[in-house]
Amino acid sequence: MECPEGYVSGEALSELLGVSRTAVWKYIKEIKEDGYEIKASSKKGYRLGPGGDILNSFEVMHGLDTAVMGRKVEYFKEIDSTNTYAKKLAGEGCPDGTIVLAERQTAGKGRLGRAWASAGEKGIWMSVVLRPGIPPEEVQMITLGASIAVVKAVKEVTGIQTGIKWPNDIVTEGKKVCGILTEMSCEQDRVNFVVVGIGLNVNHKQGDFPDEIIDRAVSLRMLAEGRQTGIEGEADKAKLKRSSIIKEIARQLEKVYFDINEGRASGIIDQWKSYSATLGKKVRVSIKGVEYTGTAADITTDGKLVVDCDDGERREVVSGEVMVRGILGYV
Ligand code: BT5
């Protein structure tokens, strides 16, 4: 990785690592099995190819310049749910900013007992353990902050602009590309830990989604293909490298996390508003089981959605369902 242009001789590697040439050869064989592309020349040695969308802890941590986010990364080929595992790690005292990643989830979770479709090798299924110094009622701010981090990271790495549907969906053209599930453990006035689960569809083709959501879900690859042909080019493939997107999410999440921890929450609200796909739109909301239609007017400093209902009342929505009227009707 440090010599992208040239070959490194087996001898140099064996000296650098303090192992035999045979051991170097064995390791090279192993990392090839992990998906790395390595050219070997008997005269010149080994050369690492550009490689595909390989995901593992090393790929995420290599070159990551954050202070807390992703200082510890655990990667699984398969797991039930990264959130469930992250909560276990958090309970055992893992460091602030620990990231859990999985190639595939067998029981990926949405909110309110809903399922999250988590196909293998296609998406970013990640959970981050945070230990914010805020009271439990402000934890909603973390969800808002995480949505901002994802929107910014996606834009930065892929150039694709997405928006936020209150409180936790990242959408574009009425389709969902990412969902966020925040879970917490707290005492009356103190948060023990928060787990932010981020599910971001990256390399899916439409047929990779289950039938129930095929019309409502979209991936970054599908968006990129819709906007430009030639996504098969190397440069475009690199933009959809999951490890690069995860690193940028970690960087952006760290910024909003520090803002929240250091009392700069108003900045978060302003940023959230600028990316909102909800504010100013006709919405249908459910408050304590009663449905209202109206216009999404604002968001409060503790993350509630303010709706000017058609009956003339102004109401605040704490959590739950908000359907936004768009090209597909209310979704
Ligand atoms: C969410 O719930 O949007 C939160 C999803 C969080 C998933 C991450 S993945 C890593 C971490 N580990 C976990 O176990 N979970 C987190 P909610 O707002 O309830 O939306 C769920 C609904 O989104 C489902 O009922 C489907 O309609 C739809 N859905 C399911 N899978 C989807 C997907 N891959 N892409 C788009 N929409 C999906």
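Residues numbered from 1 in each chain as written. Predicted model: local features only at pLDDT ≥ 70, side-chain atom pairs only at ≥ 80, totals over all residues. Heavy atoms only, no water.

1. What to know about the site of the ligand
Inspection of the region around the ligand gives 28 residues, with Ser81, Lys109, Arg111, Arg114 and Lys176 positioned closest. For the ligand, an oxygen atom lies 2.7 Å from a polar atom in the backbone of lysine 109. Interatomic distance of 3.4 Å between a side-chain N/O atom of arginine 216 and an oxygen atom of the ligand. Burial of the ligand by the surrounding chains reaches 93%, relative to a free accessible area of 800 Å². Elements with a contribution of two residues or more to the shell around the ligand: helix H4 (82–91), strand S5 (123–130), strand S8 (175–187) and strand S9 (190–201). A breakdown of the residues in the shell around the ligand according to their chemical character gives 10 nonpolar, 12 polar and six charged. (Near = heavy atom within 4 Å. Polar contact = N/O pair within 3.5 Å; in protein donor to acceptor, adjacent residues only side chain to side chain. Areas by Shrake-Rupley, 256 points an atom, 1.4 Å probe, with all protein chains shown as cover. Helix = DSSP H or I, 4+ residues; strand = E, 2+ residues; numbered from the N terminus. Nonpolar A, V, L, I, M, F, W, Y, C, P; charged D, E, K, R; others polar.)

2. Notes on helix H9 (residues 265–275)
Residues of H9 that are buried include every one of Ile268, Ile269 and Trp272, and no others. The arc that holds the buried residues of H9, viewed along the axis, is 100°, so those residues lie on one side. Facing away from the buried surface of H9 by more than 90 degrees, the exposed residues are Ser266 and Ser274. Buried residues along H9 sit against helix H5 (140–158), strand S6 (163–165), helix H8 (242–261) and strand S11 (290–299). (Buried < 20%, exposed > 50% of the residue type's maximum accessible area, 1.4 Å probe, protein only. Arc of directions from axis to C-beta. Contact = heavy atoms within 4.5 Å.)

3. So, the packing of H5 against H9
In contact at an axis separation of 10 Å, H5 and H9 are set at 50° when each is read in the N-to-C sense. In terms of their interaxial angle, H5 and H9 are classed as oblique. Two packed elements cross with a definite hand, and for H5 against H9 that hand is left-handed. Residues Met141, Leu144, Gly145, Ser147, Ile148, Val151 and Lys152 of H5 form the contact with H9, whose own contacting residues are Ala265, Ile268, Ile269, Gln271, Trp272 and Tyr275. Looking at the contact of H5 with H9 residue by residue, the classes come out as nine nonpolar, three polar and one charged. (Axes fitted to C-alpha atoms, helices over the stretch in contact; angles between N-to-C directions. Parallel < 35°, antiparallel > 145°, perpendicular 65-115°, else oblique. Left-handed = near helix turned anticlockwise from the far one by under 90°.)

4. Some words on the nonpolar core
Core analysis: the largest hydrophobic core is formed by 69 residues, its most contacted members being Leu101, Met126, Val150, Leu200 and Leu220. With 11 residues, the top contributor of residues to this core is H5. Once you skip the residues sitting within four places of it in the chain, leucine 200 turns out to touch Gly123, Ile124, Trp125, Val150, Val154, Val177, Cys178, Leu220, Ile245 and Ile249. Core analysis: the next-biggest nonpolar cluster, separate from the first, contains 11 residues, Ala86, Leu89, Ala90 and Ala102 among them. (Core = buried A, V, L, I, M, F, W, Y, C linked by side-chain atoms within 4.5 Å.)

5. Quick word on the side chain of glutamate 74
Along the polypeptide, glutamate 74 turns up in strand S3 (residues 73–79). Beyond its immediate chain neighbours, meaning those up to four positions away, glutamate 74 contacts Ser57, Tyr85, Leu89, Ile99, Val100 and Leu101.

6. Brief notes about unusual backbone geometry
Put simply, tryptophan 166 and proline 167 share a cis peptide bond, and its omega is -10°. At leucine 112, a residue that is not glycine, the phi angle is positive and equals roughly 50°. Relative to the assigned elements, leucine 112 resides in the loop between strand S4 (99–105) and S5. Note on leucine 112: relative accessible area 67%, which makes it exposed. Non-glycine residue glutamate 173 carries a positive phi angle of around 50°. The topology assignment puts glutamate 173 in the loop between strand S7 (169–172) and S8. Owing to a relative accessible area of 52%, glutamate 173 belongs among the exposed residues under this scheme.

7. Regarding the pairing of S4
Taking burial as the measure, the seven residues of S4 include six buried ones, the bulk of the element. Here S4 pairs with S5 via four bridges, running antiparallel. Opposite valine 100, over in S5, you have serine 127 as the bridge partner. (Pairing = 2+ DSSP bridges.)

8. A closer look at the pattern of salt bridges
Under the criterion given, the structure shown has 22 salt bridges. Note that aspartate 53 is salt-bridged to arginine 242, the shortest N-O span being 2.7 Å. Linking aspartate 53 in the loop between strand S2 (45–48) and helix H3 (57–61) with arginine 242 in helix H8, this pair joins segments that are 189 residues apart in sequence. Classification of aspartate 53 by relative accessible area gives partly exposed; the value is 25%. Between aspartate 65 and arginine 251 there is a salt bridge; the shortest N-O distance is 2.8 Å. Within this pair, whereas aspartate 65 is found in the loop between H3 and S3, its partner arginine 251 is found in helix H8, the two being separated by 186 residues in sequence. Among the residues examined, aspartate 65 registers a relative accessible area of 58% and is labelled exposed. (Salt bridge = Lys/Arg side-chain N within 4 Å of Asp/Glu carboxyl O.)

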